[in-house]
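Commentary on secondary and tertiary structure
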Amino acid sequence: MQEHYLQKVAILGRPNVGKSSLFNRLARQRDAITSDVSGTTRDLKKRIVTISGNRVFEVIDTGGIDYSSDLFSKVAEFSLKAAQQADVIIYMVDGKNIPDEEDRALFYKLQQLNTPLALVVNKIDNDKEEERYWEFLEFGAERTFPMSVSHNRYFNDFYDWLEAYIPAREEPEPEAVSDDEEEMSLETFLEQDTLEYEEESKALKVAIIGRVNTGKSSLLNALLGEERSVVSDVAGTTIDPIDETITHGEYQITFVDTAGIRRRGKIVGIEKHALGRTEAMLEQADIALLILDASEKISELDERIAGITEKFKLGTIIVLNKWDAREEKTYEKAVEEVRDELKFLHFAPVLTISALTGQRVHRILDEVVSIYRRYSYRIPTSELNAVLQKAIRRHHIPSHNGAVVKIKFATQYETRPPKIALIVNKPNFLHFSYKRYLANAFREAFDFEGVPLDIVARKRGERMEE
């Protein structure tokens, strides 16, 4: 398929003028976190959006331009860099205030880029307030638009202007989909065998998770080879989950840098919404990079965050960051501590890196691809049952209060993550420890390092979706 270049539309402005609200309006979803707190957006957020049915572009929400602190100065640097790379620039001001000299200076600076540029005067919520809009015409912008993003007012002229710079795209004909598919029982599924492998998707999502200030944003920047995420010693710098896609071999890997997680009692304000957004992103992810600080002991909070990967059944890599600051700790000792504190992630590989120096960061990409291939693997039924019978002969299935429990066969009915059904005469009587024993047997036989296995006991004839 021919690749189409997507126009980049950057939204800039000082803090709290409504940039994220306009971003959400264009994206038609509440994606960027908005609040009355100045400086809520700190990283760049990007989304592919469509207007007028067939005009597709990438909209970029930038952090407010403010030089009142080192952190905000860094945010401003990112925002201006996004403007330099954009095809269209929208500069927003607060229409409830009189024109500001700082706004004027920033707007003139953007005019020097010779990029299509519009001045949007936001918060013009009614006809009476439109009088203040006229004062902003003195900026001399080629196009100036009054707007109320929150009330969805005055958008028509703005869309007309935007369409002039966003070419229409031809939509491919949708493929016909048969709707006469029937439900299939596990038993019928087994009879068909599973030697027909589904085509492995080459696009995957990797969530970067951990508590605050463990170096998640630094790692994202190191993986991308550029500063994409604002890095600061201020704990909790990242609020919105941000994502970036790179190509590694034949795979498209989207990394999502999520908000750092604090102890429950310290989660306040916009961070509560950020935490909910992080969990929503994890539902879409395939693999998690669990970032731990190698210079500190594993905490109870680290353990609780690690439990999120188990909750969403994600492929997992445990990344010990800040390895250059670990003092005298050896690799063997570090792994021993991880295995002792995070027993439920016994299947996850442990990598030691330094996002700051780039030490061993390159190994992450290869490990991600390897785990994703295992995460997507479907075991042929005949091979699966050969391992099952061997495991049963080695250790017989324990009875339950004198009742004999028999496993008739096993089949893998889903991938990403691999899900295996055991067809049992008395499913409720199969002890969890024996299911764990079988999971280990399957791991040993089929190399599921880094991948969670979901094993369920079912009666013969039970529907797969049940």
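Bear in mind that the values here come from a model prediction, so they are computed numbers and not experimental data. (Residues numbered from 1 in each chain as written. Predicted model: local features only at pLDDT ≥ 70, side-chain atom pairs only at ≥ 80, totals over all residues. Heavy atoms only, no water.)

**With respect to the pattern of salt bridges**
What counts, and what does not: The working definition used for a salt bridge is a side-chain nitrogen of Lys or Arg within 4 Å of a carboxyl oxygen of Asp or Glu. Put simply, DSSP marks the helices as runs of H or I at least four residues long and the strands as runs of E at least two long, and each gets a number from the N terminus on.
Evaluated as defined, the whole model comprises 20 salt bridges. Between Arg 132 and Glu 129 there is a salt bridge, and its shortest N-O distance comes to 3.7 Å. In this structure, Arg 374 engages Asp 447 in a salt bridge whose closest nitrogen and oxygen atoms are separated by 3.3 Å. Note that Arg 374 is positioned in helix H11 (residues 362-375) and Asp 447 in the loop between helix H13 (432-446) and strand S15 (454-458), a separation of 73 residues in sequence. Among the charged side chains, a network of salt bridges with common partners joins Arg 14, Asp 100, Glu 102 and Asp 103.

**With respect to helix H12 (residues 381-394)**
How we decide: In this analysis, the expected span of each helix is defined as 1.5 Å times one less than the number of residues it contains. Three exposure classes are used, based on accessible area relative to the maximum for each residue type with a 1.4 Å probe and protein chains only: buried under 20%, partly exposed in between, and exposed over 50%. What the arc covers is the set of directions going from the helix axis to the C-beta atoms.
The terminal C-alpha atoms of H12 lie 20 Å apart, and with 14 residues this matches the ideal 20 Å at 1.5 Å per residue to within 8%. Taken together, the buried positions of H12 are Thr 381, Leu 384, Asn 385, Val 387, Leu 388, Ala 391 and Ile 392. Buried positions in H12, seen along its axis, are confined to an arc of 160 degrees and lie on one side of it.

**As for the environment of Leu 106**
Our working rule: Residues count as neighbours in contact if any of their non-hydrogen atoms are within 4.5 Å of one another.
By secondary structure assignment, the location of Leu 106 is in helix H3 (residues 101-111). For Leu 106, a relative accessible area of 8% gives the class buried. Residues Leu 106 and Leu 80, 26 residues apart in the sequence, show an inter-C-alpha distance of 9.6 Å. Excluding its chain neighbours within four sequence positions, the residues that come into contact with Leu 106 are Arg 14, Ile 65 and Tyr 91.

**A short note on the packing of aromatic side chains**
Rules: When two rings of Phe, Tyr or Trp (its six-membered ring) have centres within 6.5 Å they constitute a pair, described as stacked for plane angles under 30 degrees, edge-to-face for angles over 60, and tilted for the intermediate range.
All told, the structure shown has 14 aromatic pairs when counted by the stated rule. Between Phe 145 and Trp 161 the ring centres are 5.9 Å apart and the planes differ by 55 degrees, which places this aromatic pair in the tilted class. Here the residue Phe 145 occupies a position in strand S6 (residues 143-146), and Trp 161 occupies one in helix H5 (residues 156-163), the gap between them amounting to 16 residues. Each member of the pair Phe 145 and Trp 161 is classed as buried. Centre to centre, the rings of Phe 155 and Tyr 159 are 5.7 Å apart; their planes meet at 40 degrees, and the pair counts as tilted. Ring pairing ties together the aromatic residues Phe 145, Phe 155, Phe 158, Tyr 159, Trp 161 and Tyr 165, which thus form one cluster.

**Considering the environment of Phe 136**
Mapped onto the fold, Phe 136 is located in the loop between helix H4 (130-135) and S6. Put simply, Phe 136 and Gly 95 are 41 residues apart on the chain and 8.4 Å apart in space, counted from C-alpha to C-alpha. Excluding residues within four positions of it along the chain, Phe 136 makes contact with Val 93, Asp 94, Gly 95, Asn 97, Ile 98, Pro 99, Leu 119 and Val 121.

**Considerations on the pairing of strand S11 (residues 315-321)**
To keep things clear, this is the line we draw: For crossovers, right-handed means that the path from the first strand over the helix to the second runs clockwise, given strands pointing away from the viewer. For two strands to count as paired, DSSP must find a minimum of two bridges between them.
With seven of seven residues buried, S11 lies mostly within the body of the structure. Of the two faces of S11, the one holding Gly 315, Ile 317, Val 319 and Asn 321 and the one holding Thr 316, Ile 318 and Leu 320 are both buried throughout. One crossover worth recording links strand S10 (residues 287-293) to the parallel S11 by way of helix H9 (residues 300-311), and it is right-handed. The sheet contact formed by S11 and strand S12 (residues 350-352) spans three bridges and is parallel. Bridge pairing links Val 319 to Leu 351 in S12. Of the crossover connections in this fold, the one passing from S11 over helix H10 (residues 331-341) to the parallel S12 is right-handed.

**Quick word on the environment of Ile 253**
Among the secondary structure elements, Ile 253 is positioned in strand S9 (residues 251-257). For Ile 253, a relative accessible area of 0% translates into the label buried.

**Quick word on the packing of H12 against H13**
Convention followed: Axis definition: a line fit to C-alpha positions, over the contact stretch in the case of helices; interaxial angles, taken between N-to-C directions, run 0 to 180 degrees. For classification purposes, angles smaller than 35 degrees are called roughly parallel, those larger than 145 roughly antiparallel, those between 65 and 115 roughly perpendicular, and all remaining angles oblique. The handedness criterion is simple: a crossing whose near helix is rotated anticlockwise from the far helix by less than a right angle is left-handed, and one whose near helix is rotated clockwise is right-handed. Ten residues, namely Ala, Val, Leu, Ile, Met, Phe, Trp, Tyr, Cys and Pro, are considered nonpolar, four, namely Asp, Glu, Lys and Arg, are considered charged, and the remaining ones, Gly among them, are considered polar.
Here H12 crosses H13 at 125 degrees, and the two axes come no closer than 10 Å. Taken together, the axes of H12 and H13 are oblique relative to one another. The crossing of H12 and H13 is right-handed. Contacts between H12 and H13 involve Glu 383, Leu 384, Val 387, Leu 388, Ala 391, Ile 392 and Arg 394 on the former and, on the latter, Tyr 434, Tyr 437, Leu 438, Ala 441, Phe 442, Ala 445 and Phe 446. Taken together, the residues of the contact of H12 with H13 sort by class into twelve nonpolar, no polar and two charged.

**Focus on the nonpolar core**
Defined as follows: Among buried residues, the Ala, Val, Leu, Ile, Met, Phe, Trp, Tyr and Cys ones that are joined through side-chain atoms within 4.5 Å form a nonpolar core.
In terms of nonpolar packing, the biggest core is built from 79 residues, with Ile 253, Phe 255, Leu 289, Ile 407, Leu 422 and Phe 442 touching the most fellow members. The next biggest cluster of nonpolar side chains, apart from the first, holds 25 residues, and it includes Val 17, Ile 90, Met 92 and Ile 166.

**Some remarks on the confidence of the model for the chain**
Here is the rule we go by: For every residue, the predictor reports its confidence as pLDDT, a number between 0 and 100.
Of the residues in the chain, 80% have a pLDDT of 70 or more, and the chain-wide mean is 82. Note on residues 193-198: pLDDT is under 50 here. Beyond four places in sequence and across chains, it has 17 contacts. The low-confidence segment residues 228-239, where pLDDT is below 50, has 58 contacts with residues more than four positions distant or belonging to other chains.

**Things to note about the side chain of Ser 79**
One can find Ser 79 in helix H2 (residues 70-85). Not counting chain neighbours up to four residues away, the residues in contact with Ser 79 comprise Leu 12, Thr 62, Gly 63 and Ile 65.

**As for unusual backbone geometry**
Here the amide bond leading from Arg 416 into Pro 417 is cis, since omega sits at 0 degrees, within 30 degrees of zero. Position of Pro 417 relative to the elements: it lies in the loop between strand S13 (407-414) and strand S14 (419-424). Residue Glu 327 is not a glycine yet carries a positive backbone phi of 70 degrees. One non-glycine residue with positive phi stands out, namely Asp 447, at about 55 degrees. Here Asp 447 falls in the partly exposed class, since its relative accessible area comes to 44%.

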